[in-house]
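Letter by letter, the chains look like this.
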Amino acid sequence: MPIATPEVYNEMLDRAKAGKFAYPAINVTSSQTLNAALRGFAEAESDGIVQISTGGAEFLGGQYSKDMVTGAVALAEYAHILAEKYPVNIALHTDHCPKDKLDGYVRPLIAISEERVKAGRNPLFQSHMWDGSAETLADNLEIAQELLERTRAAKIILEVEITPTGGEEDGVSHEINDSLYTTVEDAIRTAEALGLGEKGRYLLAASFGNVHGVYKPGNVVLRPDLLKELNDGVAAKFGKASPFDFVFHGGSGSTEQEILTALDNGVVKMNLDTDTQYAFTRPVAAHMFQNYDGVLKVDGEVGNKKAYDPRTWGKLAEASMAARVLEATQNLRSAGNKIK
């Protein structure tokens, strides 16, 4: 199937919310990791989301120029061609973008989609994230209003992060403390500024103790029940039941029950990066250790071309990451739920 149209993406999110499941949003940094993500979704018979962070886009742009927009556009165009060979719907998304990178990343990408839509085509990306969690909520929402107006016109969905997620993601870091919990007042101010769909659709990355990076279950206090409090608080004021489409950030190491509670409380998208990075790299490391005398020209020998051929270890990496994506779809209940 081709990359999801705006209409299909909206249907995907509506089905997830109604069915209390979520789509894994898989960070990719190369054609190999893109293939792994697409393969995992296809094998799971799950629609899904592929996303590119600012750091991923810079890497994709090549280390000669390190141009984020070039990297993001190149992979998106490649994904539009590649996805047609997979029997699932895939939405393209850009991950965390802080204020100092908006002009070098999200705003130019929105402009590209604006031109595509004016020409009667679909947007290049289906959603973009504005990460204003390092700003005051007032400044965060003011920028979100500007971006939401543009994304709505370009048939794009905006993702906003209104309060901090702990840990570090592409240079944006927050301490792990009590500020990692969004309040009902924060949610009400968001609804007042951005509306509840009438000004454009947006996804809400609320904080309920989430932390980016690597941690073991129990090391971080997650409160996915908080999402119900946010929905209920806003619903009571504005009269719209279950008003938010939530995003689960920093989910590595979450327990099964924490994930299920988050799904029951309105999460429709869960980011996955750390776990899939490890899944991709682990078989490569094993191959290198097990075939060190083949991948290296040890003691003047010539090595083994078949051992150091990137296709040899690349296939192992793809298969491993695809399996982790499939597992994520099962955990998030999206497996078998593709749009027919």
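So, here is what we can say about the structure in this document.

Parameters at a glance
- Residues numbered from 1 in each chain as written.
- Predicted model: local features only at pLDDT ≥ 70, side-chain atom pairs only at ≥ 80, totals over all residues.
- Heavy atoms only, no water.
- Axes fitted to C-alpha atoms, helices over the stretch in contact; angles between N-to-C directions.
- Helix = DSSP H or I, 4+ residues; strand = E, 2+ residues; numbered from the N terminus.
- Parallel < 35°, antiparallel > 145°, perpendicular 65-115°, else oblique.
- Left-handed = near helix turned anticlockwise from the far one by under 90°.
- Contact = heavy atoms within 4.5 Å.
- Nonpolar A, V, L, I, M, F, W, Y, C, P; charged D, E, K, R; others polar.
- Salt bridge = Lys/Arg side-chain N within 4 Å of Asp/Glu carboxyl O.
- Buried < 20%, exposed > 50% of the residue type's maximum accessible area, 1.4 Å probe, protein only.
- Pairing = 2+ DSSP bridges.
- Right-handed = clockwise from strand over helix to strand, strands pointing away.

## Regarding the packing of helix α5 (residues 106-118) against helix α6 (residues 137-153)
- Two elements in contact, α5 and α6, have axes whose closest approach is 9 Å; the angle formed by their N-to-C orientations is 25°. With respect to their mutual orientation, α5 and α6 come out roughly parallel. Crossing hand, α5 versus α6: left-handed. Residues R107, I110, A111, E114 and V117 of α5 lie in contact with α6, whose contacting residues are I143, E146, L147, R150, T151 and A153.
- Residues that form the contact of α5 with α6 fall into these classes: six nonpolar, one polar and four charged.

## Considering the pattern of salt bridges
- Counted according to the given criterion, the structure contains 16 salt bridges.
- For R107, the salt bridge goes to D103, with nearest N and O atoms at 2.7 Å.
- Assessed through its relative accessible area of 19%, R107 is described here as buried.
- Between E115 and K118 there is a salt bridge, with the nearest N and O atoms lying 3.7 Å from each other. Linking E115 with K118, this pair stays in helix α5, spanning three residues, or about one helical turn.

## Focus on the pairing of strand β2 (residues 48-52)
- A large share of β2 lies buried, amounting to five of its five residues.
- Side chains of β2 alternate between two faces, with G48, V50 and I52 and I49 and Q51 buried alike.
- As paired elements, strand β1 (residues 23-27) and β2 share three bridges and run parallel to each other. When the bridges of β2 are listed, I26 appears paired with V50.
- With respect to chirality, the unit in which β1 leads through helix α2 (residues 31-44) into the neighbouring parallel β2 is right-handed.

Purely geometric stuff here, so don't read any function into it on its own.
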